[in-house]
Amino acid sequence: AQSVSQHNHHVILSEAASLELGCNYSYGGTVNLFWYVQYPGQHLQLLLKYFSGDPLVKGIKGFEAEFIKSKFSFNLRKPSVQWSDTAEYFCAVIGADKLIFGTGTRLQVFP
Amino acid sequence: DVKVTQSSRYLVKRTGEKVFLECVQDMDHENMFWYRQDPGLGLRLIYFSYDVKMKEKGDIPEGYSVSREKKERFSLILESASTNQTSMYLCASSLLGAGVGTEAFFGQGTRLTVV
């Protein structure tokens, strides 16, 4: 069965700090991987996605993620966070058409 | 732009009522999904559908049913609402199969309170 694990439940950073959020998945076949973001009071939005090719993918707002197949990981990174990055971040995997999410990571960025 | 529209932003229902949550998408997507979102638990898949009249159970289908009579519409039904079904419900749609374009698009959510 598919599953997704996010290791960090709550992350607190100061502006300009670097960010890395962990995501591991389990699925034996071909997967598509996603990071979604939910800003306070808003609906879920796609940050970035990986389907194939270059394992380092770049998304919106300066975010990037690296797919490491041998580690079943798809960690999200940003070199320098801003206060406006305060949100909840969800890793997701789709395989066999079932879209499964992790439990989410709440990021708080303080000025 | 893809649009996924959920019929209500907020609903308050009584225990034991039958509740219908409606979702419509305008991009001719094959896949549609219903999730519930609870603090600390993330998004949990209730049901999904990959075609008209087809449905598949997700991870937490108990107490719910779904209906997909038309491609653009996917309804979630709470047969007899209970207080533990108080939650945010999210609908999503996507194209079928792995590959470019299978990202999911979400509605704004329905916050359901069962009293």
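No experiment lies behind these values; they were computed from the predicted model shown.

Interpretation of the predicted coordinates at a detailed level should be avoided for regions scoring low in pLDDT. In the predicted model, chain B carries a mean pLDDT of 92, and 94% of its residues have values of at least 70. Per-element confidence in chain B ranges from a low mean pLDDT of 91 for strand 10 (residues 105-106) of chain B to a high of 98 for strand 8 (residues 73-78) of chain B.

Sheets are built from strands that pair by backbone hydrogen bonding, the pairs being arranged parallel or antiparallel. Residue and element names in this part refer to chain B. Ordered by their spatial adjacency, 4 strands build an open sheet running 1-3-8-7, and the pairing between neighbours is antiparallel. The open sheet has two edge strands, strand 1 (4-6) and strand 7 (64-70), and neither has a second partner. Along the sheet, successive strands turn relative to each other by an average axial angle of 20°, direction set aside. Both strand 1 and strand 3 (residues 19-25) contribute to a ladder of 3 bridges, which runs antiparallel. Counted as the bridge partner of V4 is Q25 from strand 3.

The next point concerns the nonpolar core. Core analysis: the largest hydrophobic core is formed by 48 residues, its most contacted members being W35(A), Y89(A), Y35(B) and F106(B). Broken down by element, this core gets its largest block of residues, 7 residues, from strand 10 (residues 87-95) of chain A. Leaving out residues up to four positions away in the same chain, F106(B) has contacts with Y36(A), H43(A), L44(A), F101(A), V4(B), Y35(B), L43(B), L90(B), C91(B) and A92(B). In this structure, V4(B), V19(B), L21(B) and I60(B) belong to the second largest nonpolar core, which totals 20 residues.

For the rest of this paragraph, the subject is the state of the cysteines. All names here are of chain A. Summed over all chains, the structure comprises 2 disulfides over all chains. Covalently, C23 is tied to C91 through a disulfide, its sulfur atoms 1.9 Å apart. Since a negative S-S torsion denotes a left-handed disulfide, the C23-C91 link at about -65° is left-handed. Here C23 is found in the loop between strand 3 (19-21) and strand 4 (24-26), whereas its partner C91 is found in strand 10, with 68 residues between them in sequence. Given a relative accessible area of 0%, C91 falls into the buried group.

What counts, and at which threshold
Residues numbered from 1 in each chain as written. Chains lettered and ligands numbered in written order. Predicted model: local features only at pLDDT ≥ 70, side-chain atom pairs only at ≥ 80, totals over all residues. Heavy atoms only, no water. pLDDT = per-residue confidence, 0-100. Helix = DSSP H or I, 4+ residues; strand = E, 2+ residues; numbered from the N terminus. Pairing = 2+ DSSP bridges. Axes fitted to C-alpha atoms, helices over the stretch in contact; angles between N-to-C directions. Core = buried A, V, L, I, M, F, W, Y, C linked by side-chain atoms within 4.5 Å. Buried < 20%, exposed > 50% of the residue type's maximum accessible area, 1.4 Å probe, protein only. Contact = heavy atoms within 4.5 Å. Disulfide = S-S within 2.5 Å.

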